[in-house]
Amino acid sequence: MRIDLHTHSSVSDGTESPAELVAAAVASGLDVLALCDHDTFDGLAEATAAGARLGVAVLHGIEVSTQRHGHSVHVLGYGCRQDDEALQAELAHVRAGRSGRVPAMLANLARFGMPVPPEVLARQVGDSPSVGRPHVADAMVELGYVADRREAFDSWLGDDKPIFVGRYAAPLGRALDLIKAAGGVAVIAHPWGRMSRDQLTPGLLADLAAAGRLDGVEVDHQDHDEATRAELRALADRLGLLATGSSDYHGVGKLDHDLGCNTTDPDVLGEIRRRVAGRGGRLDGSDAAAV
Ligand code: AMP
Ligand code: ZN
Ligand code: FE
Ligand code: FE
């Protein structure tokens, strides 16, 4: 049983439509796929329908943009009730922040001699409700300013680079509580990856675990080297946190890793299912049908 618990579609900053993503999961030999687009549930209906057609279990996820002391932390929510009003309001706030910073980023690009006409960016964003820096990167590639997303981030768009503009993100604790209150299971994505390592100390993770606010941490992720994975897995074991694994796939040719390059233990998914059921959440189409 091969389970990939964190992937993206073109409904946020992935490059494949939800149905194309599910087809790619079949080709990669996955049995279970969670779609976790940034700050939106909009791709889940299409992905679930494709999963039913193609024989892949599609789990309902989201990756929420949060922050602690101004540092970005990504939180995966599994099985949230998508109509939960408090969660929806917070997500709308985050998406508004995403759209709201676009003019300032375009102004920065122009200042550095790389004008991006709004229609070029709009074409990259497509109908995604969740505009991200990868869309800006793709516009820069289209205009020949950089070779690929990686160069765009490394030279221009990264958090400490000249084009970057900050945006609203949900306070970490608030996001965890909203996910749980919506029936979901909260797992911190790539906690010791490039963005959040200094913030997410063992002490903080211990406090969140002890308070019952956090369910798990993503251990097997490309941003974690082997030593980091071993250290984080041992910490998760000690704290009683679930340890997940995923590809964080964003589409072909966008980041150097394939669907299913990291996977989650079936027993861990079983525990996620139990918790979602206990909280009245909905992890997939069959849960929704049962409600
Ligand atoms: P944003 O959501 O606009 O803050 O942009 C951050 C997103 O860009 C992350 O969630 C990743 O999907 C992507 N990203 C971050 N760093 C890189 C990178 N070095 N290369 C490509 N994509 C990246
Ligand atoms: Zn992304
Ligand atoms: Fe992330
Ligand atoms: Fe992600």
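Keep in mind that this is a model prediction, so the values were computed, not measured. (Residues numbered from 1 in each chain as written. Chains lettered and ligands numbered in written order. Predicted model: local features only at pLDDT ≥ 70, side-chain atom pairs only at ≥ 80, totals over all residues. Heavy atoms only, no water.)

1. Details of the overall build of the chain
When its secondary structure is counted, the chain shows 12 helices and 8 strands. In terms of overall dimensions, the chain is globule-like: its C-alpha atoms have a radius of gyration of 18 Å, near the 19 Å expected for 291 residues. Dimensions of the chain, computed from C-alpha atoms along their principal axes, come out at roughly 55 × 45 × 40 Å. Counting all 291 residues of the chain, 53% fall into the buried class. Looking at the chain alone, contacts between residues at least 24 apart form 73% of all its contacts between residues at least 6 apart. Accessible area for the chain stands at about 11,700 Å²; split by element, carbon and sulfur atoms hold 51% of it. In the chain, 28 positive and 42 negative side-chain charges are present, and the distance between their average locations comes to 4 Å. (Helix = DSSP H or I, 4+ residues; strand = E, 2+ residues; numbered from the N terminus. Rg over C-alpha atoms; globule rule 2.2 N^0.38 Å. Buried < 20%, exposed > 50% of the residue type's maximum accessible area, 1.4 Å probe, protein only. Contact = heavy atoms within 4.5 Å. Areas by Shrake-Rupley, 256 points an atom, 1.4 Å probe, with all protein chains shown as cover. Lys, Arg positive; Asp, Glu negative; His and termini not counted. Charge placed at Lys NZ, Arg CZ, Asp CG, Glu CD.)

2. Describing the coordination of the zinc ion (ligand 2)
Taken together, D13 (OD), D13 (OD), H38 (NE2) and H250 (NE2) make up the protein donors of the zinc ion (ligand 2), found 1.9 to 2.5 Å from the metal. In this structure, the zinc ion (ligand 2) is positioned 5.7 Å from the iron ion (ligand 3). Of this pair, D13 sits in the loop between β1 (3–7) and α1 (18–27) while H250 sits in the loop between β8 (242–245) and α11 (266–279); the two residues are 237 residues apart in sequence, bridging distant segments of the chain. Each member of the pair, D13 together with H250, is buried. (Donors = N, O, S within 2.8 Å, 3.2 Å for Na, K, Ca; no water.)

3. A word on the site of ligand 1
Neighbouring ligand 1 are 13 residues, the closest being H38, R98, R101, R133 and H250. Here an oxygen atom of ligand 1 sits 2.4 Å away from a polar atom, N or O, in the side chain of R101. Considered on its own, ligand 1 offers 490 Å² of accessible surface; in the complex 92% of this is hidden by protein. At a threshold of 2 Å from the grid points, most atoms of ligand 1 map onto the largest pocket. (Near = heavy atom within 4 Å. Polar contact = N/O pair within 3.5 Å; in protein donor to acceptor, adjacent residues only side chain to side chain. 1 Å grid on protein atoms, 1.4 Å probe; cavity = no way out; pocket = protein on both sides within 12 Å on 5 of 7 lines; lining within 4 Å. Sits in = over half its atoms within 2 Å of the grid points.)

4. Concerning the coordination of the iron ion (ligand 4)
Distances from the iron ion (ligand 4) to its protein donors, namely H6 (NE2), H8 (NE2), E63 (OE) and D248 (OD), fall within the range 2.0 to 2.2 Å. Around the iron ion (ligand 4), the 4 donor atoms are arranged such that angles at the metal cover 77 to 163 degrees; this shape is classified as irregular. Each donor residue of the iron ion (ligand 4) belongs to the same chain, and together they define the spacing H-x1-H-x54-E-x184-D. Separation of the iron ion (ligand 4) from the zinc ion (ligand 2) amounts to 4.4 Å. With a gap of 185 residues between them, E63 in strand β3 (residues 57–68) and D248 in the loop between β8 and α11 connect regions that are remote in the sequence. Accessibility assignment for this pair places E63 and D248 in one class, buried. (Tetrahedral: all angles 85-135°; square planar, octahedral: opposite > 155°, others 65-115°.)

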